[in-house]
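# A closer look at the structure
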Amino acid sequence: QVQLVESGGDSVEAGGSLRLSCAISGDIMNTKGLAWFRQVPGKEREGIAAIDVDGRISYADSVKDRFTISKDNTKKILDLQMNSLNVADTATYYCAAGWGSSWYLLRGHRIEHWGKGTLVTILS
């Protein structure tokens, strides 16, 4: 029933911007929180941004003031606008869905569904 499909991954020059989207199948927009994670080889998956069913948002310190998470309940899309990108942002980005506050979702707790990921490469 529930599927998450990321899109928008690309190669971008350092300092540039990129917008990722997650298309959501299933009726969860008003019952589940949503989040973005990223992972590089050899490192743990890192929570980047989360938005819960009440619209509360949490960001990781590494992306605060550069990335913006948003959702459209009608279109059933979760977006991540990424600005001022640097090489440290190179990773595979995943969208996820779960329950609870954005504080918990950001830390990977209560996650029930994952997308397959989209690769973002920042070029120097």
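Residues numbered from 1 in each chain as written. Predicted model: local features only at pLDDT ≥ 70, side-chain atom pairs only at ≥ 80, totals over all residues. Heavy atoms only, no water.

### Section: the overall build of the protein chain
- Per the secondary structure count, the protein chain includes 1 helix and 11 strands.
- Along the protein chain, helices (α) and strands (β) appear in the sequence β-β-β-β-β-β-β-β-β-α-β-β when read from the amino end.
- In terms of overall size, the protein chain behaves like a compact globule, its C-alpha atoms giving a radius of gyration of 13 Å where 124 residues would be expected to give roughly 14 Å.
- For the protein chain, the spread of C-alpha atoms along the three principal axes comes to 40 × 25 × 25 Å.
- Expressed as a percentage of its 124 residues, the buried residues of the protein chain come to 43%.
- Look at the contacts in the protein chain between residues 6 or more apart in sequence, and 59% of them connect residues 24 or more apart. (Helix = DSSP H or I, 4+ residues; strand = E, 2+ residues; numbered from the N terminus. Rg over C-alpha atoms; globule rule 2.2 N^0.38 Å. Buried < 20%, exposed > 50% of the residue type's maximum accessible area, 1.4 Å probe, protein only. Contact = heavy atoms within 4.5 Å.)

### Section: the pairing of strand β4 (residues 33-39)
- Taken across its 7 residues, β4 has 6 buried, putting it largely inside the fold.
- In this sheet, strand β9 (residues 91-98) lies alongside β4 in antiparallel orientation, the contact comprising 7 bridges. Each residue of the ladder has a partner; that of arginine 38, found in β9, is tyrosine 93.
- Both β4 and strand β5 (residues 46-51) contribute to a ladder of 5 bridges, which runs antiparallel. Counted as the bridge partner of phenylalanine 37 is glycine 47 from β5.
- Connecting β4 to the next strand, β5, in antiparallel fashion are 6 residues, including glycine 42 with a positive phi near 85 degrees. (Pairing = 2+ DSSP bridges.)

### Some remarks on the environment of serine 101
- By the secondary structure assignment, serine 101 is in the loop between β9 and α1 (102-106).
- Taking C-alpha positions, serine 101 is 15 Å from isoleucine 69, a pair spaced 32 residues apart along the chain.
- Here serine 101 is in contact with Asp52, Arg56 and Arg110, once residues within four sequence places are set aside.

### Concerning the pattern of salt bridges
- Across all of its chains, the model carries 7 salt bridges by this definition.
- Between arginine 56 and aspartate 52 there is a salt bridge, with the nearest N and O atoms lying 2.8 Å from each other.
- Classification of aspartate 52 by relative accessible area gives buried; the value is 0%.
- For aspartate 89, the salt bridge is made with arginine 66, and the minimal N-O distance between the two is 2.8 Å. Here arginine 66 lies in the loop between β6 (57-59) and β7 (67-72) and aspartate 89 lies in the loop between β8 (77-82) and β9, a separation of 23 residues in the sequence. The same class applies to aspartate 89 as to arginine 66, namely buried. (Salt bridge = Lys/Arg side-chain N within 4 Å of Asp/Glu carboxyl O.)

### Concerning the sheet that holds strand β1 (residues 3-7)
- Ordered by their spatial adjacency, 4 strands build an open sheet running β1-β3-β8-β7, and the pairing between neighbours is antiparallel. The open sheet terminates on both sides in strands that have one partner only, identified here as β1 and β7. Pairwise comparison of adjacent strand axes, ignoring direction, gives a mean angle of 15 degrees for this sheet.
- Where β7 and β8 come together, 6 bridges link them in antiparallel fashion. Note on β8: the bridge partner recorded for lysine 71 is leucine 78. (Axes fitted to C-alpha atoms, helices over the stretch in contact; angles between N-to-C directions.)

### Things to note about the pairing of β8
- By the bridge criterion, 6 bridges tie strand β3 (residues 18-25) to β8 in an arrangement that is antiparallel. Within the sheet, the bridge partner assigned to cysteine 22 lies in β8 and is leucine 78.
- Count of turn residues in the β7/β8 antiparallel hairpin: 4 residues, of which lysine 76 carries a positive phi of about 60 degrees.

These results come straight from atomic positions and should not be treated as a statement about function.
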